[in-house]
Amino acid sequence: MTGSGAGTEADEATAVSLEDVRKTYQLGEPVHALDGVDLSIPRGSYTAIMGPSGSGKSTLMNLVGCLDTPTEGTVVVDGADVAALTDRERTALRGTTVGFVFQTFNLMPRLTALENVALPQLFQGVDRGERRERARDLLERVGLGDRTDHLPKELSGGQRQRVALARALVNDPAIVLADEPSGNLDTETEAEVLDLFGEFHDAGTTLVVVTHERHVAERAERIVHLLDGRIERIEELGSAGDPGEPAEPADGGREREDR
Amino acid sequence: MKPLESLRLSWRSIRGHKLRSALTTLGIVIGIAAVIAFVTLGASLQAGIVGDISPDDQRNVYGWAADPDTEGGPLAGAQPVVSGDDLETIEDFEAVDAAYGYAPIQSQAISNGDERVAQGDGVIATGPSYVREDSLREGRQFEQGEREAVLNPAAAGRFEDNVSVGDEIAITTLGGQSTTAEVVGITDSNEGLSPFEGFESSPRLYVPTDPYYLEQADAAGLDGGEGPIGPSEGADGVAANGSEETNEAAGSERTGETNAGTDGSDVRFLAVVVEAPSADSTDVDAAREAAVDYLESDDSDASEFLGDELAMTFQTSAELLQQLEDVLELLQSFIVGIAAISLLVGSIGIANIMLVSVTERTREIGIMKAVGAQNRDVLGLFLAEAVILGMVGAILGTALGLVAGYLGAWYVDLPLVYPYEYVALAVAVGLLVGILSGLYPAWRAARTDPIDALRYE
């Protein structure tokens with residue numbers, strides 16, 4: 001469960017594990033976006049990642065989401081070492097084991113809600129009929145059963161984010177990554193969408209939410225605080241997804257220094 | 001990702017930008033349509049001309065004397081050098097069935113009884129077998145030395161009461177003299193009988209060179225029009241030509257220097273026709289060789305003028321047509337070349353639009369890659385889009401080109417020939433243009449980094 005030492009026997013229970021991960025960008029001078037990160041994300045967990053701009057949140061996202069490879073260290077996603085994969089294998093892994101939810105929704109503008117949800121399966125070669133059935137199911141689960149044929153521009157922000165969530169779930173991924181999922185939503189819609197996240201977590205989905213909003217992070221089981229490319233501390237919270245029971249303050253007893 | 005799905009998704013993006021896609025396609029449409037239209041017209045034109053050679057015509061060799069360097073069709077740069085005596089000699093050769101001159105009569109009008117119609121050209125003086133037996137609808141061939149004529153249906157139909165076999169018509173020459181002819185035959189077609197006439201339909205009269213051409217030469221007071229010699233030494237000999245009953249021209253000399261008619265045997269012909277016994281190419285070549293050998297030998301009258309500057313050309317209809325076809329083909333290649341430039345511009349247009357499209361949809365590419373699209377999926381999508389644009393352009397262009405070609409052929413009154421191999425070619429070109437112009441933009445799209453693409457605003 002802790003960051004270090006995720007052995008093979010732990011793979012079954014671990015969706016993602018990072019070991020001493022470093023990511024360095026060469027922008028004139030080397031920039032250490034991640035500087036030795038150990039983290040393990042158990043299956044079915046709900047993790048929030050917090051940190052100021054430039055703390056390495058996005059880089060961590062990209063690594064966990066198989067969009068990028070680490071400069072050093074290992075990232076194991078659903079049992080596969082990302083750095084050892086070819087581009088094509090990495091893309092295939094991303095398509096089947098990772099679901100993305102973005103701040104700006106990132107739906108395909110000319111595809112209907114249903115087609116957007118079905119898009120990941122299109123690239124997996126799933127049959128059209130099967131794809132549409134699965135997408136319709138998921139849209140119903142996120143409460144958009146009556147909006148399947150609408151284009152993104154015909155949907156509200158909250159509805160769009162629910163379509164995006166449905167899309168992230170369509171391949172039954174090992175992990176769903178949400179980058180500021182409520183950043184573009186008003187308070188009320190935000191609550192609705194986050195409630196939905198909670199529901200899917202309860203149903204067994206592994207969630208990682210990147211945010212800089214404390215109240216969004218508090219819905220998770222634990223909060224990973226990043227600072228300057230390192231994990232500053234990991235804050236364990238009570239039952240996830242229940243805003244009615246505020247967690248302990250950030251400097252409370254359950255926080256734990258990581259290195 | 002399945003190819004059908006790529007096509008479906010690409011078709012979506014194309015329909016998402018209707019005007020842009022339509023304008024992009026237009027370049028290809030115009031290029032392909034131009035090629036198809038001109039090729040259709042060219043093929044129809046060729047069929048129209050080649051289809052007119054009758055098998056019998058194929059044993060004829062058409063000859064004229066011209067500077068060997070002269071380029072062009074029948075009679076280009078021709079000078080009158082072959083005399084009547086020459087023709088008689090050639091006709092006696094074993095390899096030759098018949099030899100006779102060919103000359104247009106400069107006429108003004110034709111009258112049938114009181115009715116008079118203008119006829120500026122289309123009166124042709126030649127030998128009897130020039131009008132072949134099988135091309136006569138009724139009557140017979142005219143005879144040399146008789147005042148007889150064969151008309152084609154268009155000429156016969158110009159009078160209120162159609163002229164028929166047995167009627168007597170009068171031909172008014174350019175000089176104003178009138179000469180009579182008995183109609184002895186009507187042909188079955190209004191098209192020209194040889195490359196000398198051209199093959200287009202028009203009213204025509206065929207008359208024997210003797211007396212009509214001889215009279216004309218006499219009336220002009222020259223024995224060869226603009227021949228390389230001055231006024232001939234021949235004089236006062238017309239009456240000696242036994243078959244001539246009247247020589248109106250003889251009494252109507254208008255210029256002082258022209259003081260004489262010409263001896264029939266000394267009249268020079270601009271063009272001659274030599275008939276081989278059969279259409280077999282060895283026979284045709286033998287007849288041609290016999291004629292050329294004789295004319296170039298010192299025995300002939302023609303040899304007087306022949307030399308480095310002037311040589312006899314003998315060609316069959318097929319050979320003459322080949323020259324015409326060569327010219328047509330050259331013209332067609334030229335136009336197709338211009339159309340190909342339009343295609344090139346069109347494909348640059350597609351490439352340009354695809355590049356814009358790739359940039360514009362960077363974020364979409366990022367999304368697709370994030371949710372598991374492989375590089376080749378993205379490549380396939382954009383390539384499919386370019387290929388659809390090219391193919392749609394090619395198909396529309398082909399349809400438009402065929403319609404334009406059809407209208408053109410119909411307007412010029414040609415038999416319509418669709419060049420099907422070019423239709424297949426056009427579609428292939430559309431495919432190729434799509435692939436070539438889409439390859440680089442699609443490759444750029446495929447290698448877009450998803451992280452950058454997702455950040456792209």
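Everything below is about the structure shown above.
Here's what I pulled together on the structure shown here.

Rules of the game
- Residues numbered from 1 in each chain as written.
- Chains lettered and ligands numbered in written order.
- Predicted model: local features only at pLDDT ≥ 70, side-chain atom pairs only at ≥ 80, totals over all residues.
- Heavy atoms only, no water.
- Helix = DSSP H or I, 4+ residues; strand = E, 2+ residues; numbered from the N terminus.
- Buried < 20%, exposed > 50% of the residue type's maximum accessible area, 1.4 Å probe, protein only.
- Contact = heavy atoms within 4.5 Å.
- Areas by Shrake-Rupley, 256 points an atom, 1.4 Å probe, with all protein chains shown as cover.
- Salt bridge = Lys/Arg side-chain N within 4 Å of Asp/Glu carboxyl O.
- Polar contact = N/O pair within 3.5 Å; in protein donor to acceptor, adjacent residues only side chain to side chain.
- Nonpolar A, V, L, I, M, F, W, Y, C, P; charged D, E, K, R; others polar.
- 1 Å grid on protein atoms, 1.4 Å probe; cavity = no way out; pocket = protein on both sides within 12 Å on 5 of 7 lines; lining within 4 Å.
- Points joined across faces, edges and corners; volume = space filled by probe spheres on them.
- Lys, Arg positive; Asp, Glu negative; His and termini not counted.
- Pairing = 2+ DSSP bridges.
- Patch = residues over 30% accessible without salt bridge, like charges linked within 9 Å, V, L, I, M, F, W, Y side chains within 5 Å.
- Charge placed at Lys NZ, Arg CZ, Asp CG, Glu CD.

Quick look at the overall build of chain B
Next up, step 1: The secondary structure content of chain B amounts to 11 helices and 14 strands.
Next up, step 2: Out of the 457 residues belonging to chain B, those deemed buried represent 51%.
Next up, step 3: Counting only contacts in chain B whose residues sit at least 6 apart along the sequence, the fraction spanning at least 24 positions is 78%.
Next up, step 4: On chain B, roughly 20,700 Å² of surface is accessible, and the fraction owed to carbon and sulfur atoms is 56%.

Quick look at the interface of chain B and chain A
By a frequent convention, interface size equals the accessible area lost on bringing the separate parts together.
Next up, step 1: Taken together, the 25 residues of chain B in the interface contact 29 residues of chain A.
Next up, step 2: Counting across the chain B and chain A interface gives three salt bridges.
Next up, step 3: Salt-bridge contacts for arginine 110 of chain A lead to glutamate 364 of chain B; the nearest nitrogen and oxygen are separated by 3.5 Å.
Next up, step 4: Between chain B and chain A we count six residue pairs in polar contact (both at pLDDT 80 or more) in total.
Next up, step 5: Of the residues assigned to the side of chain B that touches chain A, the class counts are 10 nonpolar, five polar and 10 charged.

A look at empty space enclosed by the protein
Next up, step 1: One pass over the structure, following the stated rule, counts six cavities of 30 Å³ or more.
Next up, step 2: Of the voids in this model, the largest cavity is the one considered here, and its volume is about 160 Å³.
Next up, step 3: Looking at the largest cavity, it is lined by 15 residues, and the ones nearest its centre are Met108 of chain A together with Leu9, Ser13, Arg361 and Glu364 of chain B.
Next up, step 4: When contributions to the lining of the largest cavity are tallied by element, the ones reaching two or more residues are α1 (3–16), α8 (362–370) and α9 (375–412) of chain B.
Next up, step 5: Tallying contributions element by element places α1 of chain B first for the lining of the largest cavity, with four residues.
Next up, step 6: Considering only residue class, the lining of the largest cavity consists of eight nonpolar, two polar and five charged.

Looking at the side chain of lysine 57 of chain A
Residue and element names in this part refer to chain A.
Next up, step 1: Inspection of the secondary structure assignment puts lysine 57 in helix α2 (residues 57–64).
Next up, step 2: It is glutamate 180 that comes nearest to the buried, bridge-free lysine 57 among opposite-charge side chains, at 5.1 Å.
Next up, step 3: Dropping the residues within four chain positions of it, lysine 57 is found in contact with Ile49, Met50, Gly51, Pro52, Val210, Thr211 and Leu226.

Regarding the pairing of strand β10 (residues 230–236) of chain A
Residues and elements named next belong to chain A.
Next up, step 1: Two elements, strand β9 (residues 222–227) and β10, share six bridges in a ladder whose sense is antiparallel. Bridging across to β10, leucine 226 finds its partner in isoleucine 231.
Next up, step 2: Taken together, β9 and the strand that follows it, β10, pair antiparallel across an intervening segment of two residues, in which aspartate 228 is found at a positive phi of about 50°.

Quick notes on a negative patch on the surface
Residue and element names in this part refer to chain A.
Next up, step 1: A cluster of like negative charges, contributed by Glu130, Glu133, Asp137 and Glu140, occupies part of the molecular surface.
Next up, step 2: Mapping aspartate 137 onto the fold places it in helix α5 (residues 128–141).
Next up, step 3: We classify aspartate 137 as partly exposed; its relative accessible area is 47%.

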